[in-house]
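Okay, here's what each chain looks like letter by letter:
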Amino acid sequence: MAEGNAAVHEAYDAVRTRMTDGRYAQGQIISPEAVAAETSLPLPAIEAAFGRLVEENALRLYPRHGALVLPLDLEEAREVMEARLLLEIFAIDSVVARGREHARRLGRDLAPLLEKRDTSEATLLQARRFHGELVAAAGNAVVARMHETLWDRSLHVAAASTAGAENRDSNIAEHREIAEALSRGEGARARRLVYEHVSAILRRVGVGDELTLPRPADA
């Protein structure tokens, strides 16, 4: 079973990376059989990867024909990520308002989520937990649920932004900077780094300067 899961992870990474770098273009129909032949990965693993990408709203299946590569709605991506940013800045402000030691503790608590991951899927799961724990630290259950909903709506964006080794490394490095700022009790710097991180995510999926996030007051 472990080997099967590893094959699915590899298949997911292969398909997601090709979608992100343009080898599988938006509007293109791709078939599991063709992808399996191209990547030399097992067909069942490719089919499972397609299923996960359908859940992310990155593919739409057409039985007996393959799957359509769906476009990313850039305007919606900006709006959803902007809302996520507001909640994450609120969380940082809430923690810092309780005292620098609370910020330092949060930074230390986030440290286990800074390890390099070998697959895009693992990096995506790590990122979800990192941002979720950051927001949960505010102690506001309503805000935490809102953030969870927004994460689900931004799954296509988050997955695309962590596809490929370079994007994975950038994502983890940005998380590390945020956690280190918090561990030093530097709330204003952490706010700025979260803003820069969300902006970088959008740049990685092709949102240009015309959709740049408004900068927080002291970021």
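Per chain, residue numbering runs from 1 following the sequence as it is written. Where local features are concerned, this predicted model is filtered to residues with pLDDT of at least 70; where side-chain atom pairs are given and counted, the filter is 80 or more; whole-chain, interface and lining totals use all residues. The side-chain figures draw on all heavy atoms in the structure; neither hydrogens nor water molecules are used.

**Q** It is not clear to me how the packing of helix H2 (residues 32-39) against helix H3 (residues 43-55) should be interpreted in this structure. Could you clarify?
**A** Working note: a packed helix pair is described by the angle between its axes plus the distance between those axes. Angles here are taken between N-to-C directions and fall from 0 to 180 degrees, while the axes themselves are lines fitted to C-alpha atoms, restricted in helices to the stretch in contact. Under the scheme used here, helices are H or I runs from DSSP no shorter than 4 residues and strands are E runs no shorter than 2 residues, and both carry numbers assigned from the N terminus. Close contact between H2 and H3 brings their axes to 9 Å; oriented N to C, the two are set at 120°. Regarding the angle of H2 to H3, the classification is oblique. The handedness of the crossing between H2 and H3 is right-handed. Of H3, the residues touching H2 (which contributes Pro32, Glu33, Val35, Ala36 and Thr39) are Leu43, Ile46, Glu47 and Phe50. When the residues that make up the contact of H2 with H3 are grouped by side-chain class, the tally is 6 nonpolar, 1 polar and 2 charged. Relative orientations are named as follows: roughly parallel for angles under 35 degrees, roughly antiparallel for angles over 145 degrees, roughly perpendicular for angles from 65 to 115 degrees, and oblique for any other angle. A clockwise turn of the near helix away from the far one marks a right-handed crossing, whereas an anticlockwise turn of less than a right angle marks a left-handed crossing. In what follows, residue pairs with any heavy atoms lying within 4.5 Å of each other are defined as contacts. Amino acid classes used here: Ala, Val, Leu, Ile, Met, Phe, Trp, Tyr, Cys and Pro are nonpolar; Asp, Glu, Lys and Arg are charged; the rest, including Gly, are polar.

**Q** Quick question: what am I supposed to make of the environment of Phe90 here?
**A** Following the sequence through the fold, Phe90 ends up in helix H4 (residues 74-97). C-alpha of Phe90 to C-alpha of Ala138: the two residues are 48 residues apart in sequence and 7.7 Å apart in space. The contacts of Phe90, once residues within four sequence positions are left out, are Ala138, Asn140 and Val143.

**Q** Would you mind showing me how to read helix H6 (residues 120-136) here?
**A** Residues three or four positions apart in an α-helix share a direction because the helix packs 3.6 residues into each turn. Under the convention used throughout, the expected extent of a helix is 1.5 Å for every residue step, that is, one less than its residue count. Look at H6: 24 Å from first C-alpha to last across 17 residues, which is about the 24 Å you get at 1.5 Å a residue. The backbone nitrogen of Ala122 has a side-chain oxygen 3.0 Å away, supplied by the residue at the start of H6, namely Thr119. We define a polar contact as two N or O atoms separated by no more than 3.5 Å, with the added condition that, inside protein, one atom must be a possible hydrogen donor and the other a possible acceptor, whereas residues neighbouring each other in sequence contribute only through side-chain atom pairs.

**Q** Just to check I follow, could you spell out empty space enclosed by the protein for this structure?
**A** Gaps left between atoms show up when a probe the size of a water molecule is rolled over them. Only protein atoms enter the 1 Å grid used here. Points where a 1.4 Å probe fits but cannot escape make up a cavity, open sets with protein on both sides within 12 Å along at least five of seven lines make up a pocket, and a residue lines them when an atom lies within 4 Å of a point. Grid points are joined across faces, edges and corners, and a volume is the space filled by probe spheres set on the points. Counted under the stated rule, the structure contains 1 cavity of 30 Å³ or more. Roughly 40 Å³ of volume is contained in the largest cavity. Of all elements in the fold, only H6, helix H8 (155-161), helix H9 (165-183) and helix H10 (187-204) reach the threshold of two or more residues within the lining of the largest cavity. Residues that form the lining of the largest cavity fall into these classes: 4 nonpolar, 6 polar and no charged.

**Q** Looking at this model, I keep getting lost on the nonpolar core. Mind explaining?
**A** Among soluble globular proteins, nonpolar side chains are generally buried collectively. We call a set of buried Ala, Val, Leu, Ile, Met, Phe, Trp, Tyr and Cys residues a nonpolar core when their side-chain atoms join them within 4.5 Å. The buried label goes to any residue with under 20% of its type's maximum accessible area, the exposed label to any with over 50%, and the partly exposed label to all in between, with areas taken from a 1.4 Å probe on protein chains only. Leu110, Phe130, Leu134, Val157 and Leu182 are the most contacted members of the largest nonpolar core, which has 29 residues in total. For this core, the secondary-structure elements that each account for two or more residues are H4, helix H5 (100-110), H6, H8, H9 and H10. Ranked by residue count, the leading element in this core is H10, at 7 residues. Core analysis: the second largest hydrophobic core is formed by 27 residues, Leu41, Ala49, Leu59 and Ala127 among them.

**Q** Explain the sheet that holds strand S2 (residues 59-62) to me, please; I cannot follow it from the model alone.
**A** Two modes of strand pairing occur in sheets, parallel and antiparallel, and in both the strands are linked by backbone hydrogen bonds. Here, any two strands with at least 2 DSSP bridges between them count as paired. One open sheet accounts for 3 strands, arranged S1-S3-S2; its pairing is antiparallel. Because the sheet does not close on itself, it has two edges, and the strands there are strand S1 (29-30) and S2. As judged from the 4 bridges shared by S2 and strand S3 (residues 66-69), these two strands associate in the antiparallel manner. Within S3, the position partnered with Tyr62 by the bridge is Gly66. Contacting S1, S2 and S3, H3 crosses the sheet at an angle of about 120° to S2.

By themselves these figures say nothing about function.
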